[in-house]
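# Structural characterization, general
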Amino acid sequence: MTRLTNDPADFPAEALKGFIAANKRYVKPVYGGVARSTFTPAGKVAVVYGGGSGHYPAFAGWVGHGFADGAVCGNIFSSPSAAQAYSVLKAVHRGAGVLMGFGNYAGDVLHFGQAIERLRAEGIEADTLVVTDDIASGDAAEPEKRRGIAGDFPVFKITSAAAEAGLGFDEVRRVFAKANAATRSFGVAFAGCTLPGAKGPLFTVPTGRMGIGLGIHGEPGVAEADLGSADDVARTLVEGLLADRPAGAGNRVVAIVNGLGASKYEELFVVTSCVVARLEAAGLECADVEAGEFVTSLDMAGVSLTLVWVDDELLGYWDAPCDAPAYRKGSVGSVERDDAKLSQAAAPVDVTTPGSTASREAAEVAAGLLDDVAGMLARAQEELGALDSVAGDGDHGIGMANGSRAAAGAAHAAVSAGGGLRTTLTAAGDAWSNRAGGTSGALWGALLTALGSALGDEKTPDGDDIAAALQAALSAVQRLGGAEVGDKTLVDALSPFVAAFVATDGDLAAKSAAAVVAAEAGTESTRALVARLGRARPLGEKSVGTPDPGAVSLTKVVTLLNSRLS
């Protein structure tokens, strides 16, 4: 477990601050993460990698000459916000386009996709690079649905080398696609990880057993088996990967044995010797072998194996020199420092036009309600985290607590600056998205922003106004997340809530009461559903019998708000 903390909520930010202090030779701070502190010439395609914290050396440890131009750093196991990603991408842009690489997780897809769209709207060539190497998380017939785990490391190293060599935007994307298609990973866990400040691990594995097909966000394996010897583990990993060998692959591989955070290096070396022997017995040539910690999961005990089937081109980029805090290869020679300062903070909410008196009064009420929501979600943090750990990564409670607290603070700041209801809810939505990260952060940010846009800054909303705003919010959530009723998400609660609110006659209290009943029924219906979206999808069958955490938290929020109308 993580023992050396101050306030657990500040752990990611404090860790990043210390990382920067210890690695000024390589990185400098920028809002949302870090960028190279070394000189990068104009005309180079910029590559940025990112995701939640808790995976060091991924992703900040890879920033340096020959590797990444920057890294976007979110909260523990939670996606950074779109604003954070935009900030880092914009800071490292050198005129030849920017590429944002990440593992295939719903929150990352949402937030990083938004940042890319914003850059494109400004005329900057930009795209995402989505790694899908985890064979346990999806069928070989649908590789686009697989997660990205330790394969992030070699795929991004190869892609970065192509960018460093001066290849153009489309060529760097081509090399990425080729490397990703050639990469497969498979892992096992012996013990779950514990989030900073939590009382226990996200999951446990019985003594003498191992979870097969772990995730890197604290997800348990998709199955269990006897642990056996180091060679038994190597056999499980090698046989699993060889059974998923890419079509047309040759016989040369780069093999990477990755520790998840608590497995000793000596243990990794023992497994590595067994892995190499089994690969060679299968007729494969190990063009290179790495063993160590490359993509971790806090203090999870476990090991994964990544194989990259390489040809001359991919191996050349893999072998290219690089110099980053956590990985060095060959010699990059003398590299000039770049002491130019980068932006250190996001722009605050700008209240250019004060709201009307009526709207400012409504905004003050909204800020007070957000205070109540933040307090309730703080108290429910452990309950929501436990629900999420059944088939997810256990961070939903922390994300909701952090996001709502930030939203309440931003709402009060907007009210103090004279903001009306639209301005206040937009500020709250941005803050929720920035602080919470992950899928829930993106969706709640979109929900609040859509509500604000529909309600405006001019008047006190009535029941019809609120009904229209709720419909706009539901549309925004579904458009952004792609979820429908039955996918086992918060939409299963939100959709019936909105429908009942709109259809019920009477005053605001009557509409709200009926809507809450519908949301509760929708949430209860998720117990019988198999998760079809997000991090829970690979473990969908395990989610049966447990209500969706996002639906539960949304119902808790609307129930609280309804009580304030009674």
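Report on the accompanying structure. (Residues numbered from 1 in each chain as written. Predicted model: local features only at pLDDT ≥ 70, side-chain atom pairs only at ≥ 80, totals over all residues. Heavy atoms only, no water.)

## Re the packing of helix α14 (residues 463-481) against helix α15 (residues 491-503)
It is the contact of α14 with α15, at a shortest axis distance of 10 Å, that shows an interaxial angle of 155°. Our classification of the angle between α14 and α15 gives roughly antiparallel. The hand of the α14/α15 crossing is left-handed. Judged by residue contacts, Gly-463, Ile-466, Ala-467, Leu-470, Gln-471, Leu-474, Val-477 and Gln-478 of α14 engage Val-491, Leu-494, Ser-495, Phe-497, Val-498, Phe-501 and Val-502 from α15. (Axes fitted to C-alpha atoms, helices over the stretch in contact; angles between N-to-C directions. Helix = DSSP H or I, 4+ residues; strand = E, 2+ residues; numbered from the N terminus. Parallel < 35°, antiparallel > 145°, perpendicular 65-115°, else oblique. Left-handed = near helix turned anticlockwise from the far one by under 90°. Contact = heavy atoms within 4.5 Å.)

## Examining the packing of helix α9 (residues 357-379) against helix α11 (residues 396-416)
Where α9 contacts α11, the axes come no closer than 8 Å and their chain directions differ by 160°. The pairing of α9 with α11 is recorded here as roughly antiparallel in orientation. For the pair α9 and α11, the sense of crossing is left-handed. In contact with Ala-363, Glu-364, Ala-367, Gly-368, Leu-370, Asp-371, Val-373, Ala-374, Leu-377 and Ala-378 of α9, α11 contributes Met-400, Ala-401, Ser-404, Arg-405, Ala-407, Ala-408, Ala-411, His-412 and Val-415. Partitioning the contact of α9 with α11 into residue classes produces 13 nonpolar, three polar and three charged. (Nonpolar A, V, L, I, M, F, W, Y, C, P; charged D, E, K, R; others polar.)

## Considerations on the sheet that holds strand β10 (residues 252-259)
Strand order in the open sheet formed by six strands is β9-β8-β7-β12-β10-β11, with mixed pairing between adjacent strands. Two strands bound the open sheet, and with one partner strand each, they are β9 (223-226) and β11 (285-292). If you compare each strand with its neighbour and ignore which way they point, the axes differ by 20° on average. Here seven bridges tie β10 to β11, and the two strands are oriented parallel to one another. Residue pairing for β11: Val-253 is matched across the bridge by Cys-286. Sheet strands touched by helix α6 (residues 230-242): β7 (183-191), β8 (209-212) and β12 (301-309). Its angle to β12, the strand with the most contacts, is close to 35°. Here helix α7 (residues 265-281) sits on the sheet and contacts β10, β11 and β12; the angle it forms with β11, its principal contact strand, is near 165°. (Pairing = 2+ DSSP bridges.)

## What about the pattern of salt bridges?
Evaluation of the coordinates by the stated rule reveals 32 salt bridges. The shortest N-O distance in the salt bridge between Arg-25 and Asp-323 comes to 2.7 Å. Placement of the pair is Arg-25 in the loop between α1 (11-22) and β1 (27-30) and Asp-323 in strand β13 (residues 322-324), with a sequence separation of 298 residues. For Asp-323, a relative accessible area of 12% corresponds to the buried category. A salt bridge links Lys-90 to Glu-122; its shortest N-O distance comes to 3.1 Å. Taken as a pair, Lys-90 in helix α2 (residues 82-92) and Glu-122 in the loop between α3 (106-121) and β6 (126-131) lie far apart in primary sequence, 32 residues in all. Where salt bridges share partners, they join Glu-117, Arg-120, Asp-127, Asp-170 and Arg-173 into one cluster. (Salt bridge = Lys/Arg side-chain N within 4 Å of Asp/Glu carboxyl O. Buried < 20%, exposed > 50% of the residue type's maximum accessible area, 1.4 Å probe, protein only.)

## Things to note about the environment of Gly-302
Here Gly-302 is to be found in strand β12. Given a relative accessible area of 0%, Gly-302 falls into the buried group. Expressed as a C-alpha distance, the spacing of Gly-302 and Phe-190, which sit 112 residues apart in the sequence, is 5.4 Å. Those residues in contact with Gly-302 that lie beyond four places of it in its chain are Val-188, Ala-189, Phe-190, Asn-258, Gly-259, Leu-260 and Ser-263.

## Topic: helix α16 (residues 508-525)
Taking 1.5 Å as the rise per residue, α16 with 18 residues should run 26 Å; its terminal C-alpha atoms sit 26 Å apart, in good agreement. For α16, every residue scored as buried is listed here: Lys-511, Ser-512, Ala-515, Val-516, Ala-518, Ala-519, Gly-522 and Thr-523. The elements touched by buried residues of α16 are α15 and α17 (549-565). (Expected span 1.5 Å × (residues − 1).)

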